[in-house]
There are 2 protein chains.
Amino acid sequence: MELNLDKHISGQFNKELEQVLSHVLEMGGLVENQLKDALTAMNDLDSSLADTVIANDNKVNSYETIIDEECTRIIAKRQPAAIDLRLVLAIAKTIADLERIGDEICRIVKTARDKYSNEQKQLLVDLDHMGRKVLIMLSKVLNALARMDSNEAFEVYQMDTQIDKAYEAINRQLMTYMMEDPRAIPKIMDVMWATRSLERIGDRCQNISEHVIYFIKGTDVRHFNRDQIKQTIAQ
Amino acid sequence: MELNLDKHISGQFNKELEQVLSHVLEMGGLVENQLKDALTAMNDLDSSLADTVIANDNKVNSYETIIDEECTRIIAKRQPAAIDLRLVLAIAKTIADLERIGDEICRIVKTARDKYSNEQKQLLVDLDHMGRKVLIMLSKVLNALARMDSNEAFEVYQMDTQIDKAYEAINRQLMTYMMEDPRAIPKIMDVMWATRSLERIGDRCQNISEHVIYFIKGTDVRHFNRDQIKQTIAQ
């Protein structure tokens, strides 16, 4: 699947569409790096890297504002139709999800500022494992967007089930730890919120995969089930 | 502030804008009722009302799909500019927030399906109190949208601070309960997730207030601080 950018009468319009798409991919790359750094900070309990991640969230927010303005300007000036309009609308939704992923990353990275006993450090191992899966999901959905590949988007869509399972398992375990060592509850709660944030990032990646499918296939699949989405992609 | 609907050359375009706006307000009314019912179900531990709320979330989702299609159609067919375009874009963002509020309500209402000891029922009292505040916030932001009133939108924006404070206070108390009675942790965790969901609904209402201000004032205030927003409204 390729965007028929060369079909546009106006070369300037092409340029604008290409530019806004490349800005989204830049924003996605930044968010991806933020998640990578957040996981590293958590692993190394590196509070200075954690601070950097939190400070960088401003850049993510700026991207959202700028790209949203670009989308509005394109709609107002170019009056796009059909697939061009779908691209602009899918981008407007994608950047909202990326911005929220940025917020969740800031919540996760706070765990890196805590102190943990050697036993408690064990709590972070599963979280890191889950985080690596979510990072792959985020990478893949950005690839799907860059290549306009609905099959890869669908793979991402399906990955969310694994993330949800990992989340449930970690949650159950954290609850057991809390019952065994009530004094550690505040610290375990922090890990629990971080786990929840990771689960939410998985949801957001799934949302983005739905926007990619909408753009390519022209069907809003947000409230479809798995089989309906599969069918949409096969068409 | 009034929409200058009568300035449009096409009477049909007027009708379409009025219709999409009235659909959003219907959707908002539905979500408002859902939150009301969820709080009642929680108070009365009425699991059958809880089931109804969860079943009704489908209707919320349908509204999102339908209104989103209406917005896309208006953009493609009518090529709106200036304030008309801002209205359509603000609506597209608002329905996404309303749909998420619907999801959070389904999480909250699950507490109504649990069994609680008399002592544990106390946990739900503060949650209900916070829920009532959030309900007022939701009501007010829908009023602000219906009346296109940026001052009321700003009031909603500011209410979120109270919600966040209530959330922190309840959280601290729930953590204390957990430490005192570790066997009750799984149940207290359910109440904690519900509290978190309420806090998120507050955030979503704040988002909607930002969309209303964007529509009226033409400035994207999403990453502004309180004073910057105040200034924008005064202009």
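Residues numbered from 1 in each chain as written. Chains lettered and ligands numbered in written order. Predicted model: local features only at pLDDT ≥ 70, side-chain atom pairs only at ≥ 80, totals over all residues. Heavy atoms only, no water.

### Some points on empty space enclosed by the protein
All names here are of chain B.
Turning to step 1, where the next piece is worked out: Here the structure, examined in full by the defined rule, presents one cavity of 30 Å³ or more.
Turning to step 2, where the next piece is worked out: In this structure, the largest cavity spans a volume of roughly 40 Å³.
Turning to step 3, where the next piece is worked out: For the largest cavity, the full set of lining residues is Leu 87, Ala 90, Ile 91, Thr 94, Leu 145, His 211, Val 212 and Phe 215.
Turning to step 4, where the next piece is worked out: Looking at the lining of the largest cavity, the elements that each hand over two or more residues are helix H3 (82-109) and helix H6 (185-217).
Turning to step 5, where the next piece is worked out: Here the lining of the largest cavity gets four residues from one element, more than from any other, and that element is H3.
Turning to step 6, where the next piece is worked out: Tallied by class, residues from the lining of the largest cavity come to six nonpolar, two polar and no charged. (1 Å grid on protein atoms, 1.4 Å probe; cavity = no way out; pocket = protein on both sides within 12 Å on 5 of 7 lines; lining within 4 Å. Points joined across faces, edges and corners; volume = space filled by probe spheres on them. Helix = DSSP H or I, 4+ residues; strand = E, 2+ residues; numbered from the N terminus. Nonpolar A, V, L, I, M, F, W, Y, C, P; charged D, E, K, R; others polar.)

### Quick notes on the relation of the copies chain A and chain B
Turning to step 1, where the next piece is worked out: When chain A is brought onto chain B, the operation consists of a screw motion whose angular component is 180° and whose axial shift is 0.0 Å, with 0.0 Å RMSD remaining. Look at the turn and shift together and you get a two-fold axis relating the two. The C-alpha atom lying nearest the rotation axis in chain A is that of Gln 79 of chain A; the distance is 2.9 Å.
Turning to step 2, where the next piece is worked out: When you check the interface residues of chain A against chain B, 100% turn up at the interface there too, and the contact is symmetric in its surfaces. (Least-squares fit on C-alpha atoms with pLDDT ≥ 70 in both. Contact = heavy atoms within 4.5 Å.)

### Thoughts on the environment of Leu 145 of chain B
Residues and elements named next belong to chain B.
Turning to step 1, where the next piece is worked out: Mapped onto the elements of the fold, Leu 145 is located in helix H4 (residues 118-147).
Turning to step 2, where the next piece is worked out: With relative accessibility at 6%, the residue Leu 145 sits in the buried group.
Turning to step 3, where the next piece is worked out: Sequence spacing of Leu 145 and Lys 133 is 12 residues, and the spatial spacing of their C-alpha atoms is 19 Å.
Turning to step 4, where the next piece is worked out: Discounting chain neighbours no more than four positions away, the residues touching Leu 145 are Val 24, Leu 25, Thr 94 and Val 212. (Buried < 20%, exposed > 50% of the residue type's maximum accessible area, 1.4 Å probe, protein only.)

### So, the pattern of salt bridges
Turning to step 1, where the next piece is worked out: On inspection of all chains with the given rule, the structure shows 36 salt bridges over all chains.
Turning to step 2, where the next piece is worked out: Residue Glu 64 of chain A pairs with Arg 222 of chain B through a salt bridge whose shortest N-O separation is 2.9 Å. In this pair, Glu 64 of chain A sits in helix H2 (residues 47-78) while Arg 222 of chain B sits in the loop between H6 and helix H7 (226-234), so the two residues belong to two different chains. Across this residue pair, the class does not change: Glu 64 of chain A and Arg 222 of chain B are buried.
Turning to step 3, where the next piece is worked out: Salt bridges here are not isolated pairs; linked through shared partners, they connect Glu 64 and Asp 68 of chain A together with Lys 93, Asp 220 and Arg 222 of chain B. (Salt bridge = Lys/Arg side-chain N within 4 Å of Asp/Glu carboxyl O.)

### Remarks on the UniProt feature "domain: PhoU" (unreviewed entry) in chain A
Residues and elements named next belong to chain A.
Turning to step 1, where the next piece is worked out: In the numbering used here, UniProt assigns the "domain: PhoU" (unreviewed entry) feature to residues 24-111 and 128-211.
Turning to step 2, where the next piece is worked out: Here residues 24-111 is 92% helix and 0% strand, with 28 Å between the C-alpha atoms at its ends.
Turning to step 3, where the next piece is worked out: In this annotation, residues 128-211 is assigned 93% helix and 0% strand; the end-to-end C-alpha distance for the span is 28 Å. (UniProt positions renumbered as here; feature names shortened; annotations may be inferred.)

### Brief notes about the packing of helix H4 (residues 118-147) of chain A against helix H5 (residues 150-180) of chain A
Residue and element names in this part refer to chain A.
Turning to step 1, where the next piece is worked out: Packing of H4 against H5 brings their axes to within 10 Å, and their N-to-C directions diverge by 165°. Classified by the interaxial angle, the pair formed by H4 and H5 is roughly antiparallel. Of the two elements, H4 crosses H5, and the hand of that crossing is left-handed.
Turning to step 2, where the next piece is worked out: For the contact of H4 with H5, the class distribution of residues is 17 nonpolar, two polar and seven charged. (Axes fitted to C-alpha atoms, helices over the stretch in contact; angles between N-to-C directions. Parallel < 35°, antiparallel > 145°, perpendicular 65-115°, else oblique. Left-handed = near helix turned anticlockwise from the far one by under 90°.)

### Some remarks on the packing of helix H6 (residues 185-217) of chain A against H3 of chain B
Turning to step 1, where the next piece is worked out: Packing of H6 of chain A against H3 of chain B brings their axes to within 15 Å, and their N-to-C directions diverge by 140°. If you check the angle between H6 of chain A and H3 of chain B, you find them oblique. Between H6 of chain A and H3 of chain B lies a crossing of right-handed hand. Along its contact with H6 of chain A, which presents Arg 196, Arg 200, Arg 204 and Asn 207 of chain A, the element H3 of chain B presents Arg 100, Glu 104 and Arg 107 of chain B.
Turning to step 2, where the next piece is worked out: Grouping the constituent residues of the contact of H6 of chain A with H3 of chain B by class yields no nonpolar, one polar and six charged.

### So, H6 of chain A
Residues and elements named next belong to chain A.
Turning to step 1, where the next piece is worked out: For H6, spanning 33 residues, the distance from its first C-alpha to its last is 47 Å, which sits close to the expected 48 Å at 1.5 Å a residue.
Turning to step 2, where the next piece is worked out: The buried fraction of H6 is high, at 29 of 33 residues.
Turning to step 3, where the next piece is worked out: Of the residues one or two after H6, Gly 218 is the one with positive phi, at around 80°. (Expected span 1.5 Å × (residues − 1).)

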